[in-house]
Amino acid sequence: MSHWRLWLGPDFLDALIQESLRIVHKSGVLKGGHLKRVSVDTTVQPKNVKFPTDANLLYTAIVQLGALARSAGIKLRQSYVQVAKRAQIMAQRYDHAKQYKLHRRQVKFLKTRLGRLIRDIKRKTAHEPALQEALAVSLVKEQTIKTQALNKTAPHKRYSWAAPETECIGKGKPYKPYEFGVKATITTTNARIKAGMFVVHANALHGNPFDGHMLGKVLSETQALNVVAPTHAYVDKGHKGHKQNRFTFDPEIRQPTRPPWRVFMSGQKALKPHVQKKLRRRSAIEPVIRHMKQEHRMGRNFLKDQTGDRFNI
């Protein structure tokens, strides 16, 4: 799966899940009625990257750009690797000691040296279009890392040199306020089954979208994957504003329509007792996600690119 994932393609993943559910259906453990009531939740799948501080990113950029220049046959005026290594170490020490003024001075030192490297390479490749084209992508990465250093409001930040798809996702947890990876959506059965709960849909959501905006797409993919359309979906308060229970105007048939499923959110009042009972079952999806992270390789993703994110989930 790690080596041949690009050759297999994304359709192979759907076939794997469909075949697993077909076997469970054939054994009689899972019935079609179990797929009509589902629980949906999102989590973060961390990427295998180092914590992205400004000093670490700038030092990595200096080392990588020097290596690329040597492989391209460009003789640099100075590589700055030794002085950059010391500046990175001192920046970490000052940050740990809460001496932030000295810490920013070291980061600014690294930022200046990276700018010198970029300008030196641009001067020496000014009359060589082939080299310019070969180094264009790397120079854009270097410029992005240089621009975002010491700038909290910089748009389109980069959190890893080797994994540009890495995103910073705030979870609000006191022990882990930020996680660096990709958002993942998990859909499980809601009914009590002797064999346990089954994951009927899983996918990666790139771009860190709002949970409520992606709920309709997730339920549509679940319907296409399992053939049986879910009629009831149970979600947490992070899906507020999903607008799945409202009538919207369909321009094709020129009539107001509503999706075939109803969405019930945690904390919702004035529900019938049997609906409230099933809504309380929504929290059973949390230990399922925990098991997937602890025991089924979703705790850290070692696969590359966005396709690797989806394959690992």
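Each remark here, short or long, concerns the structure printed above.
Since we're looking at a predicted model, the values are computed, not measured.

**Student:** What's the story with the overall build of the protein in this structure? I'm lost.
**Tutor:** Each helix and strand counted, the protein has 10 helices and eight strands in total. Whereas a compact globule of 313 residues would reach a radius of gyration of roughly 20 Å, the protein reaches 25 Å, over 25% beyond that. Dimensions of the protein, computed from the C-alpha atoms along their principal axes, are close to 75 × 45 × 45 Å. In the protein, which comprises 313 residues, the share counted as buried stands at 42%. Pairs at least 24 residues apart make up 68% of the contacts formed inside the protein by residues separated by at least 6 positions. Summed over all atoms, the accessible surface of the protein reaches about 18,600 Å², with 54% contributed by carbon and sulfur. The average position of the 58 basic charges and that of the 22 acidic charges among the side chains of the protein differ by 8 Å.

**Student:** When you look at the packing of aromatic side chains in this model, what are you seeing that I'm missing?
**Tutor:** Given two aromatic rings, one states the distance between the centres and the angle between the planes to describe the pair. In total, this model carries three aromatic pairs according to the counting rule given. Where Y159 meets F180, the ring centres are 5.5 Å apart and the plane angle is 50 degrees; that geometry is what we call tilted. Here Y159, found in the loop between α6 (129-148) and β2 (167-170), pairs with F180, found in strand β3 (residues 178-189); they are 21 residues apart in sequence, far enough to count as distant. When its relative accessible area of 22% is taken as the criterion, Y159 is described as partly exposed. Summarising the aromatic geometry, the rings of Y234 and F264 are spaced 5.8 Å apart at their centres and angled 25 degrees between planes, so their arrangement reads as stacked. Remark: F264 occurs in strand β8 (residues 262-265) and Y234 occurs in strand β5 (residues 232-235); sequence separation between them is 30 residues. Owing to a relative accessible area of 8%, F264 belongs among the buried residues under this scheme. Joined through ring pairs, the aromatic side chains of F51, Y159 and F180 make up one cluster. A cation over a ring is seen here: K141 above W161, with NZ or CZ 4.1 Å from the ring centre.

**Student:** Just checking my understanding: could you explain the pairing of β5 for this structure?
**Tutor:** Moving residue by residue along a regular strand, the side chains alternate between the two faces of the sheet. With burial as the criterion, each face of β5 is covered, one bearing H232 and Y234 and the other bearing A233 and V235. Inspection of the sheet shows strand β1 (residues 37-46) paired to β5 by three bridges, in the parallel sense. What sits directly across from V38, in β5, is A233. Looking at chain direction, β5 and β8 are connected through four bridges and run parallel. Bridged to H232 within β8 is R262.

**Student:** Where do I start with empty space enclosed by the protein in this structure?
**Tutor:** Leftover empty space is mapped by rolling, across the atoms, a probe with the size of a water molecule. Going through the model one piece at a time under the given rule, you end up with one cavity of 30 Å³ or more. In this structure, the largest cavity spans a volume of roughly 40 Å³. Elements with a contribution of two residues or more to the lining of the largest cavity: β1 and α7 (211-226). A per-element tally of the lining of the largest cavity places α7 first, with four residues.

**Student:** Sorry if this is basic, but what is going on with a positive patch on the surface here?
**Tutor:** A surface patch of positive charge is lined by K101, R104, R105, K152 and K157. When you line up the elements, R105 lands in helix α5 (residues 100-124). Take R105: its relative accessible area is 52%, and that puts it in the exposed class.

**Student:** What should I look at first to understand the environment of H242 in this one?
**Tutor:** Within the element layout of this structure, H242 appears in the loop between β5 and β6 (248-250). When its relative accessible area of 13% is taken as the criterion, H242 is described as buried. For H242, the side chain forms a polar contact with the main-chain nitrogen of Q244, separated by 3.0 Å.

**Student:** How should the pattern of salt bridges be read in this particular structure?
**Tutor:** When their charged atoms lie close together, side chains carrying opposite charge are able to pair. Overall, the coordinates contain 11 salt bridges when judged by the stated rule. Among the salt bridges present, the one from R310 reaches D14, with a minimum N-O distance of 3.5 Å. One end of the pair, R310, is in helix α10 (residues 305-312); the other, D14, is in helix α2 (residues 10-27), and 296 residues separate them in sequence. Take R310: its relative accessible area is 25%, and that puts it in the partly exposed class. Judged by relative accessible area, D14 falls into the partly exposed class, the value being 27%. The partner of E165 in a salt bridge is K47, with the nearest N and O atoms 2.9 Å apart. Of the two residues, E165 is situated in the loop between α6 and β2 and K47 in the loop between β1 and α3 (54-71); the sequence distance between them amounts to 118 residues.

Rules and cut-offs
- Residues numbered from 1 in each chain as written.
- Predicted model: local features only at pLDDT ≥ 70, side-chain atom pairs only at ≥ 80, totals over all residues.
- Heavy atoms only, no water.
- Helix = DSSP H or I, 4+ residues; strand = E, 2+ residues; numbered from the N terminus.
- Rg over C-alpha atoms; globule rule 2.2 N^0.38 Å.
- Buried < 20%, exposed > 50% of the residue type's maximum accessible area, 1.4 Å probe, protein only.
- Contact = heavy atoms within 4.5 Å.
- Areas by Shrake-Rupley, 256 points an atom, 1.4 Å probe, with all protein chains shown as cover.
- Lys, Arg positive; Asp, Glu negative; His and termini not counted.
- Charge placed at Lys NZ, Arg CZ, Asp CG, Glu CD.
- Phe/Tyr/Trp six-rings, centres within 6.5 Å; stacked < 30°, edge-to-face > 60°.
- Lys NZ or Arg CZ within 6 Å of the ring centre and 35° of its normal.
- Pairing = 2+ DSSP bridges.
- 1 Å grid on protein atoms, 1.4 Å probe; cavity = no way out; pocket = protein on both sides within 12 Å on 5 of 7 lines; lining within 4 Å.
- Points joined across faces, edges and corners; volume = space filled by probe spheres on them.
- Patch = residues over 30% accessible without salt bridge, like charges linked within 9 Å, V, L, I, M, F, W, Y side chains within 5 Å.
- Salt bridge = Lys/Arg side-chain N within 4 Å of Asp/Glu carboxyl O.
- Polar contact = N/O pair within 3.5 Å; in protein donor to acceptor, adjacent residues only side chain to side chain.

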